[in-house]
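# A structural walkthrough
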Amino acid sequence: MKQWTLEERYRVLKSPNEIKDLHTKISKSKYRQSYHIQPVTGLSSDPNGFVYHKGTWHLCYQWCPWGAVHGLKYWYHVSSKDLIFWKNEGIGLKPDCVYDNKGTHSGSAISINDELYFFYTGNHRNEKWIRTPYTCVAKVDDDGIPIKLSEPLFGPRADYSEHQRDPKVFYHKERKTYYIFIGAQTQDLRGCVLVYESKELLNGWHFAGELKVIGFENFGGMWECPCIQKINGKDILIFSPQYTKLPYRGENTNHNVYIIGKMDYDTLTFTPETDYQHLDYGFDFYAAQLASNVSDPDKAIIIAWIGLPDNHYPTAEEDWEGSMTLPRELRIKDNRLIQTPISGIESLRHQEIEPTGTLLNACEIQINVRNRKFDLNLFTDISGNGGFRFHYDETKQLCTIDRTGLKKRFNEEIGEILSMPLHSPLKHLQIFIDHCSIEIFANHGEATFTSHVYPMANEHHYTISENNALKIWSLNASIKDDFII
């Protein structure tokens, strides 16, 4: 793997011509996705600025143009009319002022009175490389050009560590107040959320206090990408705790969880009705962001990064890595979140394929599970050996996913075997395979499992336990891999 110097990682992109040849090279990769958002070049990570605005869905992702490395971050902008077909729009935000001289880091968006605003973390470093995070804003004009405010809304608080980032902005109609949730870390290295409020969107912000989440006072060492939304009358708090190990997550120390409860804005207290739950049990799922301006009170829409902060992937050798998940609809059932693929995703189906044991690079699989003991082996060789193995144990209502059989192995040190518990017997699986990813929805969204996979030329077969009803559809592409900067 290439060893990047600090100068290479934090180089400023001055012209699209500097990366045009890189795009040409990576566009030929056999692992380029056909219906998942992916980086135009280099690295994509956290989803940012996810919002519905004037008839269009907008999404940005953290982007380092030069290669599969975390360095100088931009926002890259994509848009969609239906959350299925996406087009590249070019740079959404770039680091070009003193407050973000070393990166426009993660944040969110808000659409107010037909005006669109990006809220982001300006990553500033001085000559001694000491970081100061600022909460910054840019108004996006009708041509997609961001116009930054000349000053940040506020800087970091000295009574917390330097880790203060990922502003999630929202408006509370009943209180007629704007709020920003900031992912943070205390001086004694506890993860938390800082809350700011204002009666005006661009002025008057002040620190309201630290969010109290009862029972979670010592849960992880940093809470990234916090967001909150009411679904069907209940408040859902989502965040990404770091620097801790959790059940079902192997040696991973980066996670994505949610808690269902009640938010009291007078006391800044979130009272859980449930324990935390994993948003996704897979190897590669992080930094999920809820879309702003979703009109249906009974659902939310979410998207996440297929990846983890400390992980590395085989396409790094090709100078790119990363994808977004499919957008998912969230609903509440039995005090748990149910995640389903975005409505209308069936429009990507090209044709139904006879189940002959051969996998396609881009396909959807649905299985009605009829056996008490169930096994599905994907990406095997022609003899059914190796691959990505899914086993269900009915006595424990536990699914075990094992990717040690793949020829391209990666991130072995944090574990290649994970489990996904179910709350009801396994009856149905919906699986989406793209060229380097797999997303599994069990029991119509009761639990999900997301992973990168990099099958070789002879790893395009599958085996399945007998007496299970299986359907496969080939899927059309929905992402144009255009070079637009």
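Refer to the structure printed above.
This write-up is about the structure you can find in this document. (Residues numbered from 1 in each chain as written. Predicted model: local features only at pLDDT ≥ 70, side-chain atom pairs only at ≥ 80, totals over all residues. Heavy atoms only, no water.)

All told, the structure shown has eight cavities of 30 Å³ or more when counted by the stated rule. Approximately 80 Å³ is the volume found for the largest cavity. Among the secondary structure elements, those contributing two or more residues to the lining of the largest cavity are strand 1 (42-53), strand 5 (104-112), strand 9 (160-172), strand 14 (222-231) and strand 19 (286-290). The residue inventory of the lining of the largest cavity, partitioned by class, reads seven nonpolar, four polar and two charged. (1 Å grid on protein atoms, 1.4 Å probe; cavity = no way out; pocket = protein on both sides within 12 Å on 5 of 7 lines; lining within 4 Å. Points joined across faces, edges and corners; volume = space filled by probe spheres on them. Helix = DSSP H or I, 4+ residues; strand = E, 2+ residues; numbered from the N terminus. Nonpolar A, V, L, I, M, F, W, Y, C, P; charged D, E, K, R; others polar.)

Reading across the sheet, the five strands line up as 4-3-2-1-21 and stay open at both edges, with mixed pairing between neighbours. Of all the strands in the sheet, just strand 4 (86-93) and strand 21 (320-321) have a single pairing partner and so form its edges. When strand 3 (residues 74-80) meets strand 4, the two strands line up antiparallel, connected through six bridges. Of the residues in strand 4, the one forming a bridge with Val78 is Asn88. (Pairing = 2+ DSSP bridges.)

Strand order in the open sheet formed by four strands is 5-6-7-8, and the pairing between neighbours is antiparallel. Every interior strand has two partners, whereas the edge strands, strand 5 and strand 8 (146-148), have only one. Recorded for the sheet is a direction-independent mean angle of 30 degrees between the axes of neighbouring strands. Bridging between strand 5 and strand 6 (residues 115-125) involves eight bridges; their strand directions are antiparallel. Paired with Ala109 across the strands is Phe118, a residue of strand 6. (Axes fitted to C-alpha atoms, helices over the stretch in contact; angles between N-to-C directions.)

Membership of the largest hydrophobic core comes to 41 residues, with the highest contact counts inside it found for Ile37, Phe50 and Trp86. The biggest single contributor to this core is strand 2 (residues 56-64), with five residues. (Core = buried A, V, L, I, M, F, W, Y, C linked by side-chain atoms within 4.5 Å. Buried < 20%, exposed > 50% of the residue type's maximum accessible area, 1.4 Å probe, protein only.)

With respect to the secondary-structure elements, Arg372 resides in the loop between strand 25 (363-368) and strand 26 (373-380). Note on Arg372: relative accessible area 63%, which makes it exposed. Considering only alpha carbons, one finds Arg372 and Thr395, 23 residues apart in sequence, at a separation of 8.6 Å. With residues up to four places along the chain from it excluded, the contact list for Arg372 reads Tyr392 and Glu394. (Contact = heavy atoms within 4.5 Å.)

Under the counting rule described, the total for this entry stands at 26 salt bridges. Of the charged contacts in the structure, one is a salt bridge between Glu439 and Arg328, with a shortest N-O distance of 2.8 Å. Of the two residues, Glu439 sits in strand 31 (residues 437-442) while Arg328 sits in strand 22 (residues 328-333), which places them 111 residues apart along the sequence. Of the charged contacts, one joins Glu364 and Arg349 as a salt bridge, the two residues approaching to 2.9 Å between their closest N and O atoms. One end of the pair, Glu364, is in strand 25; the other, Arg349, is in strand 24 (residues 349-353), with 15 residues separating them in the sequence. Since its relative accessible area comes to 0%, Glu364 is described here as buried. (Salt bridge = Lys/Arg side-chain N within 4 Å of Asp/Glu carboxyl O.)

Taken as a whole and assessed by the stated rule, the structure comprises 29 aromatic pairs. Judged by centre distance (3.8 Å) and plane angle (10 degrees), the rings of Phe154 and Tyr196 are stacked. Linking Phe154 in the loop between strand 8 and strand 9 with Tyr196 in strand 11 (residues 191-198), this pair joins segments that are 42 residues apart in sequence. Comparing Phe154 with Tyr196, the two get one shared label, buried. Ring centres of Tyr179 and Tyr265 lie 4.8 Å apart, and the angle between their planes is 45 degrees; on these two criteria the pair is classed as tilted. In this pair, Tyr179 sits in strand 10 (residues 177-186) while Tyr265 sits in the loop between strand 16 (257-264) and strand 17 (269-272), placing the two residues 86 residues apart along the sequence. A single burial state applies to Tyr179 and to Tyr265, both of which are buried. Site record: aromatic cluster; members linked through ring pairs are Phe216, Phe219, Trp223, Phe239 and Tyr276. (Phe/Tyr/Trp six-rings, centres within 6.5 Å; stacked < 30°, edge-to-face > 60°.)

Purely spatial values, then, with no claim about function.
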